[in-house]
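Residue-level structural notes
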Amino acid sequence: MEKKKVMVAIDESETSLYALNWALENIRESIRDSKVFIFTAQPMDDMKYIYASAQGSALYAPPAAAELVRHVQENHRKVAEYLLERAKEICDKFGVTAETYTEPGDPKTTICKAVDDHEIELLVVGSHGRKAIERVFLGSVSNYCVHNAKCPVLVVRKKE
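Residues numbered from 1 in each chain as written. Predicted model: local features only at pLDDT ≥ 70, side-chain atom pairs only at ≥ 80, totals over all residues. Heavy atoms only, no water.

1. Comments concerning the overall build of the protein chain
In terms of regular secondary structure, the protein chain is built from seven helices and five strands. When the helices and strands of the protein chain are read in sequence order from the N terminus, they spell out β-α-α-β-α-α-β-α-β-α-α-β. A total of 160 residues make up the protein chain; the buried ones form 37% of that total. Within the protein chain, residue pairs in contact and separated by at least 24 positions form 81% of the contacts whose partners lie at least 6 positions apart. Put simply, the protein chain shows about 9900 Å² of open surface, and 52% of that area lies on carbon and sulfur atoms. (Helix = DSSP H or I, 4+ residues; strand = E, 2+ residues; numbered from the N terminus. Buried < 20%, exposed > 50% of the residue type's maximum accessible area, 1.4 Å probe, protein only. Contact = heavy atoms within 4.5 Å. Areas by Shrake-Rupley, 256 points an atom, 1.4 Å probe, with all protein chains shown as cover.)

2. Side note on the packing of helix α5 (residues 107–117) against helix α7 (residues 141–148)
Interhelical geometry of α5 versus α7 gives an angle of 35° and a closest axis separation of 9 Å. Viewed along their axes, α5 and α7 form a crossing whose handedness is right-handed. Note on element contacts: α7 touches α5 through V141, Y144, C145 and N148, opposite P107, K108, T109, I111 and C112. Residues of the contact of α5 with α7, tallied by class, amount to six nonpolar, two polar and one charged. (Axes fitted to C-alpha atoms, helices over the stretch in contact; angles between N-to-C directions. Left-handed = near helix turned anticlockwise from the far one by under 90°. Nonpolar A, V, L, I, M, F, W, Y, C, P; charged D, E, K, R; others polar.)

3. Focus on unusual backbone geometry
The backbone phi angle of E119 is positive, close to 50°, even though this residue is not glycine. Structurally, E119 is set in the loop between α5 and β4 (122–127).

4. Concerning the packing of aromatic side chains
Inspection of every chain in the model, using the stated rule, returns two aromatic pairs. Look at F37 and Y101: their rings are 5.7 Å apart centre to centre, the planes differ by 85°, and that puts the pair in the edge-to-face class. With F37 in strand β2 (residues 35–42) and Y101 in strand β3 (residues 98–104), the pair connects residues that are 64 residues apart, well separated along the chain. For F37, a relative accessible area of 3% gives the class buried. We classify Y101 as buried; its relative accessible area is 13%. Judged by centre distance (5.1 Å) and plane angle (55°), the ring pair of F39 and Y101 falls under tilted. On the criterion of sequence distance, the pair formed by F39 in strand β2 and Y101 in strand β3 is long-range, its members being 62 residues apart. Taken together, the ring pairs connect F37, F39 and Y101 into an aromatic cluster. (Phe/Tyr/Trp six-rings, centres within 6.5 Å; stacked < 30°, edge-to-face > 60°.)

5. Things to note about the nonpolar core
Ranked by size, the top nonpolar core spans 21 residues in total, and within it I10, L20, L24, I38 and C91 carry the most contacts. Taken together, the elements giving at least two residues each to this core come down to β1 (5–9), α1 (14–26), β2 and α4 (62–93). In this view, L20 contacts V8, I38, A87, I90 and C91; residues no more than four positions away in its chain are not counted. Of all hydrophobic cores here, the second largest spans 16 residues; its members include I111, V115, L123 and V125. (Core = buried A, V, L, I, M, F, W, Y, C linked by side-chain atoms within 4.5 Å.)

6. With respect to the environment of E119
On the accessibility criterion, E119 (56% relative accessible area) is exposed. Along the backbone, E119 and M7 are 112 residues apart, and their C-alpha atoms lie at a distance of 9.8 Å.

7. Looking at the sheet that holds β1
One open sheet accounts for five strands, arranged β3-β2-β1-β4-β5; its pairing is parallel. Across the chains shown, the open sheet's two edge strands, defined by having one partner strand only, are β3 and β5 (153–157). The sheet shows a mean angle of 25° between the axes of neighbouring strands, taken without regard to direction. Of the strand pairs in this sheet, β1 and β4 are connected by three bridges, and their pairing is parallel. Of the residues in β4, the one forming a bridge with V6 is L122. Packing against the sheet, α1 makes contact with β1, β2, β4 and β5, and its axis sits at approximately 135° to β4. (Pairing = 2+ DSSP bridges.)

Quick look at the structure:
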């Protein structure tokens, strides 16, 4: 019998690590025999602004702009690796072995793509608890995943 696949999507927020801890504390028995994945996206939305501002600056020629973008991308990758290492340590404390991975891209779509690519059967995400107007302007990763991921989504909201 193949193990079920559970993915916890995290970012640098306190709410996502809360969701990971909550899942490990509250549904550990349910996921004990599952294959657990920890995923984080490397946001790329600031790249277009960096590149555009570098293109418009007399100080940056196109090769310098490309180098700046590469440097920012490398920093995003390092942050992602740190987050995944921290999440893996949390899993280890609960006796749960987890695979970690990261992909560059918009968190909403990248998480849903990872769900498809890895045939995930349960996705766990944290919620920032934004009000409706904030969601309109800032978007909601958890809301997007609830409506677009091709598996059940457990949204964990931290008590205030």
